[in-house]
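# Coordinate analysis (summary)
Here are the chains, one letter per residue:
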Amino acid sequence: MINVRNHFPALNRLHNGQPVAYFDSPGGTQVPRMVGEAMTRYLYEHNANTHWAYPTSAETDAIIASARAACVRFFGASEREIVFGNNMTTLTFHLSRALGRTWSAGDEVIATELDHHANVAPWRALEVDRGVVVRSARMIPETGQLDFDHLAQLIGPRTRLLAVGGASNAIGTINDLGRVRDLAREAGALFFVDAVHLAPHERLDVRALGCDFLACSSYKFYGPHAGILFARGELLESLPFPKLAPAPDKGPERAETGTQNQEGIAGIEATIRFLESLDWPALHDEGSRFAARLWNGLSSIRGVRLYGPPPGQPRTPTVSFTLDGFTGEEVSRALAERALFVSHGDFYAQTVVERLGVEALVRVGCACYTSMEEIERLLDAVSELSGI
Ligand SMILES: Cc1ncc(COP(=O)(O)O)c(C=O)c1O
């Protein structure tokens, strides 16, 4: 692997005279040059609407087909199982409306307290629209892990769907999706994975996961602001997605509404090529080292409290903490002064923050372009802030 950092023009940015360290990847990653170039190339050389008889339109059709084929390859899906859309939230709302049309009042969906609101609100909307009941499996606050006993207890004869995040964007917990799949299968329920925070950190194979649906967003893994939904072929072909009459009845396009973000889709193809060029086992090891250094370094600073699973447990290199005497925003602003870009808040994972009993977390996320030197800078800055 050539030095991965060379791919990212954003790393040349200075702030207050220092190179910017982007620790905000769980909110959105930086973009490699090849992705930006593919999007620009599309707009400058191939820009057209689809399905017409002139070259730029045919090229647009080919670019979309090739991006779909790249996703098929990358997620281990089959042809006709990949849907593009604005983002994970919009795609999940669309899917929930389609599924809701097949359910009746009293049918149940189970989500979890670890989930981002985007994997809660689309199902909750069905409570109002269809009388569907949404239950929430508990998070164990001490470990930041899913309470599988509680999840199992919630499953009943009316359970239609288990909707579970692959990893928590707030505290980095990786959920045992194999266990969730087994519970879903036993219950005869469908299995939806919110893979937005997992996809940047683990190679995903939808067949190995055994999921019926998986949604993610390419801007969380070095791509443009566009969403991707995998839906198992027979479901994608048969679910009653709301659609306009002229939209096709067959193929993934039946779940896509209106004109797509075509430059974004061109960018997705380049993003997948970039992801395929990465040395995933090496990145994985590096991520574990980063998480351990962050965890151990932060825990030795007075006033720092850490949340979520410790290193060694299944987790992403996303480490969240609070600093006594400071709000999340104060920590985040002070670090930004030192060109260390971290995020603060509840990250739309309100139930995580509520269960942890904190107002706001400070979140440090590592990506493929993170370096140990940046982590040391961050640890020094937090130490300085805490008065040590
Ligand atoms: C775990 C998780 N799920 C869902 C979402 C929503 O994704 P999108 O912005 O693509 O709708 C996010 C965004 O931060 C997330 O982190």
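The following paragraphs examine the structure supplied in this document. (Residues numbered from 1 in each chain as written. Predicted model: local features only at pLDDT ≥ 70, side-chain atom pairs only at ≥ 80, totals over all residues. Heavy atoms only, no water.)

### Considering the overall build of the chain
Within the chain one finds 13 helices and 17 strands. Here the chain has a C-alpha radius of gyration of 21 Å; the compact-globule value for 388 residues is 21 Å, and the two agree. With respect to the principal axes defined by its C-alpha atoms, the chain has extents near 65 × 55 × 35 Å. Across the 388 residues in the chain, those meeting the buried criterion constitute 56%. When contacts within the chain are restricted to residue pairs at least 6 apart in sequence, those whose partners lie at least 24 apart make up 70%. In the structure as shown, the chain presents an accessible area of about 16100 Å², 50% of it carried by carbon and sulfur atoms. For the chain, the centre of its 36 positive side-chain charges and the centre of its 46 negative side-chain charges are spaced 2 Å apart. (Helix = DSSP H or I, 4+ residues; strand = E, 2+ residues; numbered from the N terminus. Rg over C-alpha atoms; globule rule 2.2 N^0.38 Å. Buried < 20%, exposed > 50% of the residue type's maximum accessible area, 1.4 Å probe, protein only. Contact = heavy atoms within 4.5 Å. Areas by Shrake-Rupley, 256 points an atom, 1.4 Å probe, with all protein chains shown as cover. Lys, Arg positive; Asp, Glu negative; His and termini not counted. Charge placed at Lys NZ, Arg CZ, Asp CG, Glu CD.)

### Re the sheet that holds strand 5 (residues 108-112)
Read from one edge to the other, the open sheet built from seven strands follows the order 4-12-11-10-9-5-6, with strand pairing classed as mixed. The sheet terminates laterally at strand 4 (82-85) and strand 6 (133-137), the two strands that pair on one side only. When strand polarity is set aside, the average angle formed by the axes of neighbouring strands in this sheet is 20°. Inspection of the sheet shows strand 5 paired to strand 6 by five bridges, in the parallel sense. When the sheet's bridge partners are listed, Thr112 is paired in strand 6 with Ala137. Contacting strand 4, strand 10 (190-194), strand 11 (213-217) and strand 12 (227-231), helix 3 (residues 88-100) crosses the sheet at an angle of about 155° to strand 11. Lying over the sheet, helix 6 (residues 177-187) contacts strand 9 (159-165) and strand 10, oriented at roughly 175° with respect to strand 9. (Pairing = 2+ DSSP bridges. Axes fitted to C-alpha atoms, helices over the stretch in contact; angles between N-to-C directions.)

### Observations concerning the side chain of Ser25
Its place among the elements puts Ser25 in the loop between strand 3 (21-22) and helix 1 (33-46). For Ser25, a relative accessible area of 5% corresponds to the buried category. Excluding residues that lie within four positions of it along the chain, Ser25 makes contacts with Lys220, Gly365, Cys366, Ala367 and Tyr369.

### Quick notes on the sheet that holds strand 16 (residues 343-345)
Strands sit in the order 13-14-17-16 across an open sheet of four strands; the sheet is antiparallel. At either end of the open sheet lies a strand with only one pairing partner, and these are strand 13 (304-307) and strand 16. Across the sheet, the mean angle from the axis of one strand to that of its neighbour is 30°, orientation sign disregarded. Bridging between strand 13 and strand 14 (residues 318-323) involves four bridges; their strand directions are antiparallel. Paired with Tyr307 across the strands is Ser320, a residue of strand 14. Contacting strand 14, strand 16 and strand 17 (361-365), helix 11 (residues 328-337) runs over the sheet at an angle of about 170° to strand 16.

### So, the packing of helix 1 against helix 9 (residues 262-277)
It is the contact of helix 1 with helix 9, at a shortest axis distance of 8 Å, that shows an interaxial angle of 145°. In the packing of helix 1 onto helix 9, the handedness of the crossing is right-handed. Taken together, the residues of helix 9 that come into contact with helix 1 (itself represented by Met34, Val35, Ala38, Met39, Tyr42 and Leu43) are Gln262, Glu263, Gly264, Ala266, Gly267, Ala270, Thr271, Arg273 and Phe274. Its residues placed into classes, the contact of helix 1 with helix 9 shows nine nonpolar, four polar and two charged. (Left-handed = near helix turned anticlockwise from the far one by under 90°. Nonpolar A, V, L, I, M, F, W, Y, C, P; charged D, E, K, R; others polar.)

### Examining the site of the ligand
Neighbouring the ligand are the residues Asn87, Met88, Thr89, His116, Ala118, Asn169, Asp194, Val196, Ser217, Tyr219 and Lys220. A distance of 3.5 Å is found between an oxygen atom of the ligand and a side-chain nitrogen or oxygen belonging to His116. One nitrogen or oxygen atom from the side chain of Lys220 is found 2.6 Å from an oxygen atom belonging to the ligand. Notes on the ligand: free accessible area 390 Å², of which the protein chains cover 90%. Considering only residue class, the shell around the ligand consists of four nonpolar, five polar and two charged. (Near = heavy atom within 4 Å. Polar contact = N/O pair within 3.5 Å; in protein donor to acceptor, adjacent residues only side chain to side chain.)

### Some points on the nonpolar core
Counting residues in each nonpolar core, the largest one holds 71 residues, and the members touching the most others are Phe75, Phe84, Ile171, Leu214, Tyr222 and Ile228. Considering each element in turn, this core owes the most residues, seven residues, to helix 2 (residues 55-75). The residues touching Tyr222, leaving out its near neighbours within four places in the chain, are Phe8, Thr29, Gln30, Val31, Pro32, Val35, Thr271, Phe274, Leu275, Ala367, Cys368 and Tyr369. Membership of the second largest hydrophobic core comes to 27 residues, among which are Val83, Leu91, Val134 and Ala255. (Core = buried A, V, L, I, M, F, W, Y, C linked by side-chain atoms within 4.5 Å.)

### Some points on unusual backbone geometry
One non-glycine residue with positive phi stands out, namely Phe347, at about 55°. A residue is classified by how much of its surface remains accessible, and Phe347, at 9% relative accessible area, is buried. The phi dihedral of Tyr348 falls on the positive side, at around 60°, and the residue is not glycine. Mapped onto the secondary structure, Tyr348 falls in the loop between strand 16 and helix 12 (350-356).

### A short note on the packing of aromatic side chains
The relation between two aromatic rings is expressed through the spacing of the ring centres and the mutual angle of the planes. Throughout the structure, instances matching the rule amount to ten aromatic pairs. Considering the side-chain rings of Trp123 and Phe192, the 5.4 Å spacing of their centres and the 75° angle between planes classify their relative orientation as edge-to-face. Residue Trp123 is found in helix 4 (residues 121-130), and its partner Phe192 is found in strand 10; the two are separated by 69 residues along the sequence. A residue is classified by how much of its surface remains accessible, and Phe192, at 0% relative accessible area, is buried. (Phe/Tyr/Trp six-rings, centres within 6.5 Å; stacked < 30°, edge-to-face > 60°.)

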